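Examining the three-dimensional arrangement
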Amino acid sequence: MAQAQTVTDPLITLEERLKTITKVMTSKAPIAQTPKELVWTLNKAKLFRYTPVVPQEKRHRIPLLLVFALMNRPYILDLRPGNSFVEFLVQRGFDVYLLDWGSPGPEDSHLKFDDYTLEYIPRAIRKIKAISGVEEVSLLGWCIGAILTTIYAALRPDDGLRNLILLTAPLDFSNKDQLTFSRWVDEKYFDVDKILALFGNMPAETIDYGAKALKPVENYIGNYLKLWDNVDNPQVVASWHAMNTWIKDNIPMAGGAFRQLIVDLYRNDRLMKGELIIRGERVDLSRLRANLLTVIAEGDHITPPCQSEPVMAKVGSRDKEAYRVRGGHIGIMAGSGAVKHTWPHIEKWLASRSS
Amino acid sequence: MSEAETKATQPNLVEQMTELRDTYLQTWSKYLIEEVNSESYAQASGAALSSYLDAAAPFKEPAEQAMLKTLQQLHMPTSADFAGLAGRFTNLEMQLDNMDAKLDRLEKLLIAAAKTAEAKTAEAKTAEAKTAEAKTAEAKPAEARTPAEPAAHAAPIKQASKKQSKHATAAKAAARKPRKGTK
């Protein structure tokens, strides 16, 4: 009897584990749960305002707009209750807005950085000013979102931008040896026009493969082993489930913007050289005068620190800080260390500049 | 070996296995990261992508043409029609957004104008109150006078005000008349 139990117990445990794994790998976790309201739309883009929970007299005066990358969903900033940057900020009295770019269709393949930086962002900011009744605003850009916000801040320095926060910002493309992407998209090997002629937009699957292939063992094996090792820990499983939901939810990148990313930035480093032209205007980083905080992930394999650091010497901001934090491209904002290090630092920096 | 001893050794075995597995994966990870970062990998992945694109491209146009013809024959909108429509909608949205911005500006101006008007009204009221106070102050010593006196004082004041208003009307009429030689 006892022997039979010794044999069946591990089998039952194994069955339970497999059930959990199947469930988290085949279902979507409840994500982006912080209450919000849709306040503006343009084409596929949506502007959300998170419902404030702090009384108005205790809130920070200047609203904050979050701008994420073009090829991933922005709810990584509001992953799940208890592990949400948005929730963290709202609870600390910030008036938080999120610009969701949406998923571009074939009809949007012409969209370029020009459209995002000089149509979408300024219009969203105008709406925020109208809602909040404040003529100033803070911007937070992450990854490609950091490129867009930097370009906007340099082109429209008198538009009321008080604070600019850049997270893992790929702005400098001069150090080709440290940039794996740079090597892959070299014109010798990668024909950007050919791929866009076939697909119109850059397919989400190709971008996802590119990001994962930088660390193949971690992304294709290590990630699942982490789940297996912690399958009896409901907290780790819930966290893994939410992150996996986000990782699998990729979106294509508009063809025009992708071409600019490859040709103007990865191949020719035009932003840092001061040669990037957006709607006929040259992007001069010295015109960027907003208070600047750039958060650099020391273990970032997608945007190595060498891409984010040099901008500090180029901008015209008097108040500027580079904050280095341990972690990877996503981990610094959504990992377990984010709530201890990155979020409090950003909150402290922003709070003292938002009155 | 007792049961307790067996249990004590089991986790160690699992831990050892896990450690061994992690070390193995770390070695592999380092190797593969170096590999994908090499020129040869960039060349190989570029060639693979290029051959895929070369193979797929010839089918794209005929497939699109066939689809276009089919949809036209069925009197159904094509993808180009949808793209055009989407562009129009976006333009409309932009126009609406522009109007919204203008309305916001107008609202701001109206609020500012209302505030200025309120301030002016408040000023006028204060001035009126002051005049009334001054008049009251003037009237108080008059109470001590005989009842016939105020009427005698009031008559010349009324006449004077009538004269002033006549002058003012004449001046306004002169101002309205166009001058000779000017348009």
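What you see is a predicted model; the values in this text were computed from it and never measured.

1. Observations regarding the packing of helix 6 (residues 192-199) of chain A against helix 10 (residues 255-267) of chain A
All names here are of chain A. At a closest axis distance of 10 Å, the pairing of helix 6 and helix 10 adopts a crossing angle of 175°. Comparing their axes, helix 10 and helix 6 come out roughly antiparallel. Listed contacts from helix 10 to Val-192, Asp-193 and Leu-196 of helix 6 are Gly-255, Phe-258, Arg-259, Ile-262, Val-263 and Arg-267. Per-class residue counts for the contact of helix 6 with helix 10 are 5 nonpolar, 1 polar and 3 charged.

2. Some details on the confidence of the model for chain B
Residue and element names in this part refer to chain B. For chain B, per-residue confidence averages 80 on the pLDDT scale, and residues scoring 70 or more make up 70% of the total. Confidence drops under a pLDDT of 50 for residues 148-158, and excluding neighbours within four residues, the segment shows 0 contacts in the predicted structure. Counted against residues more than four places away or in other chains, residues 177-183, with its pLDDT under 50, gives 0 contacts. Here the predicted complex scores 0.84 on pTM and 0.85 on ipTM.

3. A look at unusual backbone geometry
Residue and element names in this part refer to chain A. Backbone geometry at Thr-168 places phi at a positive 40°, although glycine is not the residue there. Residue placement: Thr-168 occurs in the loop between strand 6 (161-167) and helix 5 (180-184). According to the relative accessible area criterion, Thr-168 is buried, its value standing at 1%. Positioned with a positive phi, Asp-269 is a non-glycine residue whose angle comes to about 50°. Within the secondary structure, Asp-269 is located in the loop between helix 10 and helix 11 (270-273). With relative accessibility at 7%, the residue Asp-269 sits in the buried group.

4. Focus on the side chain of Thr150(A)
Its location among the elements puts Thr150(A) in helix 4 (residues 144-155). Not counting residues within four places of it along the chain, the set of residues in contact with Thr150(A) comprises Leu164(A), Leu166(A), Leu171(A), Leu285(A) and Leu288(A).

Rules behind the numbers
- Residues numbered from 1 in each chain as written.
- Chains lettered and ligands numbered in written order.
- Predicted model: local features only at pLDDT ≥ 70, side-chain atom pairs only at ≥ 80, totals over all residues.
- Heavy atoms only, no water.
- Axes fitted to C-alpha atoms, helices over the stretch in contact; angles between N-to-C directions.
- Helix = DSSP H or I, 4+ residues; strand = E, 2+ residues; numbered from the N terminus.
- Parallel < 35°, antiparallel > 145°, perpendicular 65-115°, else oblique.
- Contact = heavy atoms within 4.5 Å.
- Nonpolar A, V, L, I, M, F, W, Y, C, P; charged D, E, K, R; others polar.
- pLDDT = per-residue confidence, 0-100.
- Buried < 20%, exposed > 50% of the residue type's maximum accessible area, 1.4 Å probe, protein only.

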